[in-house]
Amino acid sequence: MSGTDALVARAVAASPTVAAVEVGRGALGRIGALVRGHFGPGPCLIVSDGNTDAAAGQAARAALERAGIACAAHVLPARPRPKPTVALAGDLRAVLARSGAVPVAVGSGVLNDVVKHAAHALGRPYLIVATAASMDGYTSAGAPLSDRGFKMTIQCAPPRVVVADLDVIGAAPPAMNGWGYGDLAGKMPAGGDWLVADALGVEPLDAVAWPMVQDNLRDWLARPEAVAAGEPRAIADLFAGLTLGGLAMEAHGSSRPASGAEHQIAHLWEMEDLAADGERVAHGACVAVGTVASLRLYDWLLAQDLGALDAAAILGRAPGMAAKEAAIVAAFGEGELARRATQESRAKHADPATHAARLERLARAWPGLRDRLAAHLWRAGRMADHLSRAGCPHEAAQIGVDAARLAGSIRRARFLRSRYTVLDLLDETGLLDQAVAATVPQGR
């Protein structure tokens, strides 16, 4: 057992919900024993789409039937790709409710998330057969779904069992594992955001969840060419890193260990149904571009002296909540998206006294925080190079976003979550517009 495999085993042993993560070549052949051991005699209902049914759904059904477990299939159309929505999860909940079977999701991001939500609503544990190392949500206690146009992470129980057959995952389109590399890369600026929140007294680091994600992150990102080539050990390590990210979210009770400003930017584009070359842009690709954008903000920020800020001037210019609400409506228009963004922004809005105290704390903490961030973060150029070698987009233009849209997305993304990130630090120091202009020079 490798060191990474041992980390996953320990995290699974500590999980209150995830009982087994079966990773390896030929793992799909062991699905019958896993179902019997963790769910009983069945029956099972396999939920897939046209692509994932061909990739692993039919093989999973055959393996279950060889084990004497009855199963049926519910296959969604592959085109257009299913969307991660509460409405689709509701449709699947109705299908599952009629069958009474053990839900077996076959797929990656969307299939896992909608089945997770549906199974959770019924109080029914489920099994996921992963078809690509494309995202970190397999083991997370949440489903990022859109509800009336607003994407949010809804707390749901993770699967009881994860099956990751490396022969299946290795045969996935190379771009999908590149997207997983992009999602994993996002843990680096997300960690920077958590360091900032911890230093400012907003949200302390979690001594359990932080090391699960951060201690081995650089090792998991070290071999991008091997990920692009589908090398089994590299894919296994990538999948393990993503799995630990999900388990860390479960342990912490939120997505903070694995999600920061880079995900806020990505979720904004996903809400907008960002498309390139006629296809919706994948989550991991959006996160990868958001990761490089966030790291460029950090590169700029680390060159500033935040200990010498004019706090009185900043407080005098700081917008109140009413002004923020007006900015939200200007950014998103009237409607559900603006209403949800307003709720999230109210939850983290600092009143004048809190804002003043935070600026004072920042001035004291900045030398040490700057050193800690510099040691933790890769420079944006290094991350972009690694993403490119992994076969993942890293520049906004590669996913159909021009400089003006990128600049606007960075400014608007902070409204979408109550989580404190580098975007909030820049906003509260009055530096956000300056940082965006410096890092997206043609997006003013």
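Before reading further, recall that the structure is shown in the block above.
Only a predicted model underlies this, so the values are computations on that prediction, with no experimental measurement involved.

Now for the overall build of the protein chain. Looking only at helices and strands, the protein chain has 22 helices and ten strands in total. A globule of 444 residues ought to have a C-alpha radius of gyration of about 22 Å, and the protein chain, at 22 Å, matches this closely. C-alpha atoms of the protein chain, sized along the principal axes, occupy 75 × 45 × 40 Å. Evaluated residue by residue, the protein chain yields a buried proportion of 57% over its 444 residues.

Looking now at the environment of Ala209. Inspection of the secondary structure assignment puts Ala209 in helix α9 (residues 209-214). Owing to a relative accessible area of 0%, Ala209 belongs among the buried residues under this scheme. Spatially, the C-alpha atoms of Ala209 and Leu302 are 26 Å apart, while their sequence positions differ by 93 residues. Once residues within four sequence positions are removed from consideration, Ala209 is found in contact with Trp194, Ala248, His252 and Pro257.

A few words on helix α7 (residues 174-185). Compared with the 16 Å implied by 1.5 Å per residue over twelve residues, the 17 Å span of α7 between its first and last C-alpha is a close match. Within α7, nine of the twelve residues are buried, which leaves the element mostly enclosed by the surrounding structure. Here α7 has its buried residues at Met176, Asn177, Gly178, Gly180, Tyr181, Gly182, Asp183, Leu184 and Ala185.

Another aspect to go through is the sheet that holds strand β4 (residues 102-107). With parallel pairing, six strands are arranged side by side in an open sheet as β1-β8-β5-β4-β2-β3. Since the sheet does not close on itself, it has two edges, and those belong to β1 (20-24) and β3 (71-76), each with one partner. Strand-to-strand, the axes of this sheet are offset by a mean angle of 15 degrees, without reference to chain direction. Sheet topology note: the β4/strand β5 (residues 127-130) ladder contains four bridges and is parallel. Paired with Ala105 across the two strands is Ile128, which belongs to β5. Of the strands in this sheet, β2 (44-49), β3, β4 and β5 are in contact with helix α3 (residues 50-66), which crosses β2 at around 160 degrees.

Time to look at helix α1 (residues 3-14). Along an α-helix, residues three or four positions apart point the same way, because every turn accommodates 3.6 residues. In this model α1 runs 17 Å from its N-terminal to its C-terminal C-alpha over twelve residues, within 8% of the 16 Å that 1.5 Å per residue would give. Those residues of α1 that sit buried are Thr4, Ala6, Val8, Ala11 and Val12. Packed against the buried residues of α1 are β1, α9, α10 (217-220) and α12 (232-252).

In a soluble, globular protein the nonpolar side chains are often hidden away together inside. Formed by 111 residues in total, the largest nonpolar core has its most connected members in Leu221, Trp269, Leu301, Met383, Ile410 and Leu426. For this core, the element with the most residues is helix α14 (residues 283-301), which contributes twelve residues. Not counting residues within four places of it along the chain, the set of residues in contact with Met383 comprises Ala185, Met188, Leu221, Thr291, Val292, Leu295 and Trp378. By size, the runner-up hydrophobic cluster in this structure holds 23 residues, among which are Ala27, Ala60, Val106 and Val163.

Before going further, it helps to examine the pattern of salt bridges. Pairing is possible between side chains that carry opposite charge, provided their charged atoms lie close to one another. Under the criterion given, the structure shown has 30 salt bridges. Between Arg256 and Glu203 there is a salt bridge whose closest N-O contact spans 3.0 Å. One end of the pair, Arg256, is in the loop between α12 and α13 (261-271); the other, Glu203, is in the loop between α8 (187-199) and α9, with 53 residues separating them in the sequence. Each member of the pair, Arg256 as well as Glu203, carries the same accessibility label: buried. Of the charged contacts, one joins Glu360 and Arg364 as a salt bridge, the two residues approaching to 3.5 Å between their closest N and O atoms. Remark: Arg364 and Glu360 occur in helix α18 (residues 352-376); sequence separation between them is four residues, near one turn of the helix. Relative accessible area serves as the criterion here: at 58%, Arg364 is assigned to the exposed category. One salt-bridge network, held together by shared partners, links Asp147, Arg148, Glu336, Arg339 and Arg340.

Calculation criteria
Residues numbered from 1 in each chain as written. Predicted model: local features only at pLDDT ≥ 70, side-chain atom pairs only at ≥ 80, totals over all residues. Heavy atoms only, no water. Helix = DSSP H or I, 4+ residues; strand = E, 2+ residues; numbered from the N terminus. Rg over C-alpha atoms; globule rule 2.2 N^0.38 Å. Buried < 20%, exposed > 50% of the residue type's maximum accessible area, 1.4 Å probe, protein only. Contact = heavy atoms within 4.5 Å. Expected span 1.5 Å × (residues − 1). Pairing = 2+ DSSP bridges. Axes fitted to C-alpha atoms, helices over the stretch in contact; angles between N-to-C directions. Core = buried A, V, L, I, M, F, W, Y, C linked by side-chain atoms within 4.5 Å. Salt bridge = Lys/Arg side-chain N within 4 Å of Asp/Glu carboxyl O.

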